[in-house]
Amino acid sequence: MIRILLADDHTTFTELLAGALNREPDLCTVGTAQSARRAVELSRELQPDLIVLDYHLTDGSGLAAVALILAQRPSTRIVMLTGDPSPEVIEQAAALGVCAFLPKDGSLAGLVDTIRHARIGSFSLHPSLMVQLSTQRQSRILEQPSTSLTRRELDVLALMAEGTEVRVNAQILGISENTCRGYVKSILAKLDAHSQLQAVVNATKLGLLEVREHA
């Protein structure tokens, strides 16, 4: 039997979810909380196996509660719900030790399955949240005025897309290797990329490589 604590500031949602989980033969709701403070208190008092916790609570971010709960009881599994994820929140949740991040409007079956398979040391992100994050990332790239590359940066980008090394690219362009690396660094920054491969992928999505090929 998996003993579950629910932490959400919407009473109706919590009551409906508790009823649904209690109908499962291997799940049992042991308590509910509407605030981060109360979630921490009940976690200490009830010692649940798992906590389903909303990112937005009445007294602030659910991540604050996660940090305190796991500091007191590291073995607690936590599944977090949200309706508006951000890369920063996802990264913080994973770093703190959250087992899974799910959309609040997701299916009950999906939540139940996640509860049953949540494990300490693992992190799962629902596909729909991955799509939202990807869309947000591309929107930020498009909104950045620095996305426009210089003619020389486009030259370097085109060679990057061919997979040739920086040293070779420098020779082809007739510039020093250090200068070429400087262009690569500038391209990565403008395209919000952490690697040359990611830069090529982002540039392709933005149509920069296509524009260059037909220029």
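About the cut-offs
- Residues numbered from 1 in each chain as written.
- Predicted model: local features only at pLDDT ≥ 70, side-chain atom pairs only at ≥ 80, totals over all residues.
- Heavy atoms only, no water.
- Pairing = 2+ DSSP bridges.
- Helix = DSSP H or I, 4+ residues; strand = E, 2+ residues; numbered from the N terminus.
- Right-handed = clockwise from strand over helix to strand, strands pointing away.
- Core = buried A, V, L, I, M, F, W, Y, C linked by side-chain atoms within 4.5 Å.
- Buried < 20%, exposed > 50% of the residue type's maximum accessible area, 1.4 Å probe, protein only.
- Contact = heavy atoms within 4.5 Å.
- Axes fitted to C-alpha atoms, helices over the stretch in contact; angles between N-to-C directions.
- Parallel < 35°, antiparallel > 145°, perpendicular 65-115°, else oblique.
- Nonpolar A, V, L, I, M, F, W, Y, C, P; charged D, E, K, R; others polar.
- Expected span 1.5 Å × (residues − 1).
- Arc of directions from axis to C-beta.
- Salt bridge = Lys/Arg side-chain N within 4 Å of Asp/Glu carboxyl O.

### What about the pairing of strand 2 (residues 27-33)?
Turning to step 1, where the next piece is worked out: Note: strand 1 (residues 2-7) against strand 2, six bridges, orientation parallel. If you follow Arg-3 over to strand 2, its bridge partner there is Cys-28.
Turning to step 2, where the next piece is worked out: Note that the unit made of strand 1, helix 1 (residues 11-22) and strand 2 has a crossover that is right-handed.

### A short note on the nonpolar core
Turning to step 1, where the next piece is worked out: One finds Leu-53, Val-66, Ile-69, Ile-78 and Met-80 to be the most contacted residues of the largest nonpolar core, which totals 23 residues.
Turning to step 2, where the next piece is worked out: Elements supplying a minimum of two residues to this core: strand 1, helix 2 (36-46), strand 3 (50-54), helix 3 (62-72), strand 6 (77-82) and helix 4 (87-96).
Turning to step 3, where the next piece is worked out: For this core, the element with the most residues is helix 3, which contributes five residues.
Turning to step 4, where the next piece is worked out: Ignoring anything within four residues of it in the chain, the contact list for Met-80 reads Leu-53, Tyr-55, Gly-62, Leu-63, Val-66, Val-98, Ala-100, Phe-101 and Leu-102.
Turning to step 5, where the next piece is worked out: Counting 20 residues, the second-largest nonpolar core is a separate cluster that includes Leu-154, Met-160, Val-166 and Leu-173.

### A few points about the packing of helix 8 (residues 166-173) against helix 9 (residues 177-190)
Turning to step 1, where the next piece is worked out: Where helix 8 contacts helix 9, the axes come no closer than 9 Å and their chain directions differ by 105 degrees. By the angle class used here, helix 8 and helix 9 are roughly perpendicular. Note on element contacts: helix 9 touches helix 8 through Glu-177, Cys-180, Arg-181 and Val-184, opposite Val-166, Arg-167, Asn-169 and Ala-170.
Turning to step 2, where the next piece is worked out: Across the contact of helix 8 with helix 9, the residue classes break down as four nonpolar, one polar and three charged.

### Comments concerning the environment of Ala-18
Turning to step 1, where the next piece is worked out: With respect to the helices and strands, the residue Ala-18 is situated in helix 1.
Turning to step 2, where the next piece is worked out: Separated by 13 residues in sequence, Ala-18 and Leu-5 have C-alpha atoms that sit 9.1 Å apart.
Turning to step 3, where the next piece is worked out: If near-sequence neighbours (up to four positions away) are discounted, Ala-18 is found in contact with Leu-6 and Thr-29.

### Focus: helix 9
Turning to step 1, where the next piece is worked out: The end-to-end C-alpha distance of helix 9, which contains 14 residues, comes to 20 Å, matching closely the 20 Å that a straight helix rising 1.5 Å per residue would cover.
Turning to step 2, where the next piece is worked out: Looking only at helix 9, the buried set comprises Cys-180, Val-184, Ile-187, Leu-188 and Lys-190. One face of helix 9 carries all of its buried residues, which in axial projection span an arc of 165 degrees. For helix 9, exposure combined with an orientation more than 90 degrees from the buried face picks out Asn-178, Lys-185 and Ala-189.
Turning to step 3, where the next piece is worked out: At its buried positions, helix 9 is contacted by helix 7 (151-161), helix 8 and helix 10 (196-206).

### Topic: helix 4
Turning to step 1, where the next piece is worked out: Within helix 4 the residues assigned to the buried category are Pro-87, Val-89, Ile-90 and Ala-93. Projected down its long axis, helix 4 shows its buried positions confined to an angular sector of 165 degrees, all on one face. Exposed and oriented more than 90 degrees from the buried face of helix 4 are Glu-91 and Ala-95.
Turning to step 2, where the next piece is worked out: Trailing helix 4 by a residue or two, Gly-97 shows a phi angle of about 115 degrees, which is positive.

### Side note on the pattern of salt bridges
Turning to step 1, where the next piece is worked out: Tallied over the full model, the rule gives 10 salt bridges.
Turning to step 2, where the next piece is worked out: Residue Lys-104 pairs with Asp-8 through a salt bridge whose shortest N-O separation is 2.9 Å. Separated by 96 residues along the polypeptide, Lys-104 in the loop between strand 7 (100-103) and helix 5 (108-117) and Asp-8 in the loop between strand 1 and helix 1 bring together distant segments of the chain.
Turning to step 3, where the next piece is worked out: With a relative accessible area of 22%, Lys-104 lands in the partly exposed category.
Turning to step 4, where the next piece is worked out: Residue Asp-8 is classed as buried on the basis of its relative accessible area, which comes to 3%.
Turning to step 5, where the next piece is worked out: The partner of Lys-190 in a salt bridge is Glu-153, and the shortest N-O contact between them spans 2.9 Å. In this pair, Lys-190 sits in helix 9 while Glu-153 sits in helix 7, placing the two residues 37 residues apart along the sequence.
Turning to step 6, where the next piece is worked out: A relative accessible area of 16% means that Lys-190 is categorised as buried.
Turning to step 7, where the next piece is worked out: Through salt bridges with shared partners, one network takes in Asp-8, Asp-54 and Lys-104.

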